[in-house]
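Architecture at a glance
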Amino acid sequence: MSEERILNLKRDMIAIGGLLWEKELVSGLNGNISLRVDSKTILMTAHSTCLGLLQEKDILHMNIGDGVLLEEGAVSSEKLLHTEVYKNYPETKAVLHTHTTYTNAYFLENDQLIPRIFESKFYLGDVPAIEQTTPAVTDTARVMEAFKSNNIVVLQIHGVVAKGEELFDCFLCKERSS
């Protein structure tokens, strides 16, 4: 993979991070973004980064199979979640995980989002919630199962994960669920 291509992918991630920040869908140091580089590697945001202020150095190249970094740094604590999505869904090119306040609040009282607005219903369908009991996802099986029927899954009291062919697809899922 050429350095120019990797740089362009990092710029795409920086742009989506800025858009999420601008739309107030992320705050502080929460959330993480990844993009598939090729069949064996991804780019992923580093640990403790602000998605609204991302820089190229905050995005790290790593192996999907074993999670080994190909450059210096510490990747997000959600690397297991991201790598499992890419392993289980080879067509997936992007993963976005955020801790949106309103979505988290809704799922304190609900186990599923059943949209009533036409556009949300059409694009999202019913959005399942997966019980989350740890600060980072350590058991991905239920999340991978939920992704069989939807490109967006809620982790109760933790946030939302979306997968897609483009980062913007993930952003749209995220925005429509908020």
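Whatever comes next refers back to the structure up there.
This text gives an overview of the structure that appears in the document. (Residues numbered from 1 in each chain as written. Predicted model: local features only at pLDDT ≥ 70, side-chain atom pairs only at ≥ 80, totals over all residues. Heavy atoms only, no water.)

1. A short note on the pairing of strand β6 (residues 127–130)
Looking down a regular strand, the side chains alternate between one sheet face and the other. Burial along β6 is two-sided: Val127 and Ala129 facing one way and Pro128 and Ile130 facing the other are all buried. Across 2 bridges, the pairing between β6 and strand β7 (residues 152–155) is parallel. What sits directly across from Ile130, in β7, is Leu155. Where the polypeptide runs from β6 across helix α5 (residues 141–146) and back to β7, its parallel neighbour, the crossover connection is right-handed. (Buried < 20%, exposed > 50% of the residue type's maximum accessible area, 1.4 Å probe, protein only. Helix = DSSP H or I, 4+ residues; strand = E, 2+ residues; numbered from the N terminus. Pairing = 2+ DSSP bridges. Right-handed = clockwise from strand over helix to strand, strands pointing away.)

2. Some thoughts on the environment of Arg5
With respect to the helices and strands, the residue Arg5 is situated in helix α1 (residues 3–22). Residues Arg5 and Gly28, 23 residues apart in the sequence, show an inter-C-alpha distance of 29 Å.

3. A few points about the pattern of salt bridges
A complete count under the given rule lists 5 salt bridges for this structure. Ionic pairing is found between Glu84 and Lys87, a salt bridge with its closest N-O pair at 3.2 Å. Separated by 3 residues within a single helix, Glu84 and Lys87 lie in helix α2 (residues 79–88), roughly one turn from each other. According to the relative accessible area criterion, Glu84 is buried, its value standing at 17%. Lys148 is the partner of Glu145 in a salt bridge, and the nearest nitrogen-oxygen pair spans 3.1 Å. Since its relative accessible area comes to 47%, Glu145 is described here as partly exposed. Its relative accessible area of 60% is what places Lys148 among the exposed residues. (Salt bridge = Lys/Arg side-chain N within 4 Å of Asp/Glu carboxyl O.)

4. A word on the sheet that holds strand β8 (residues 159–164)
Pairing is mixed across the open sheet formed by 8 strands, whose spatial order is β3-β2-β1-β4-β8-β7-β6-β5. The sheet is open, and its two edges are formed by β3 (59–63) and β5 (112–113), each paired on a single side. Bridge count between strand β1 (residues 32–36) and strand β2 (residues 41–45): 3 bridges; the pairing is antiparallel. The residue bridging Leu35 from the neighbouring strand is Leu43, located in β2. Seen against the sheet, α1 touches β1, β2, β3 and β4 (94–98) and runs at an angle of roughly 150 degrees to β1. (Contact = heavy atoms within 4.5 Å. Axes fitted to C-alpha atoms, helices over the stretch in contact; angles between N-to-C directions.)

Worth remembering: the numbers are spatial, not functional.
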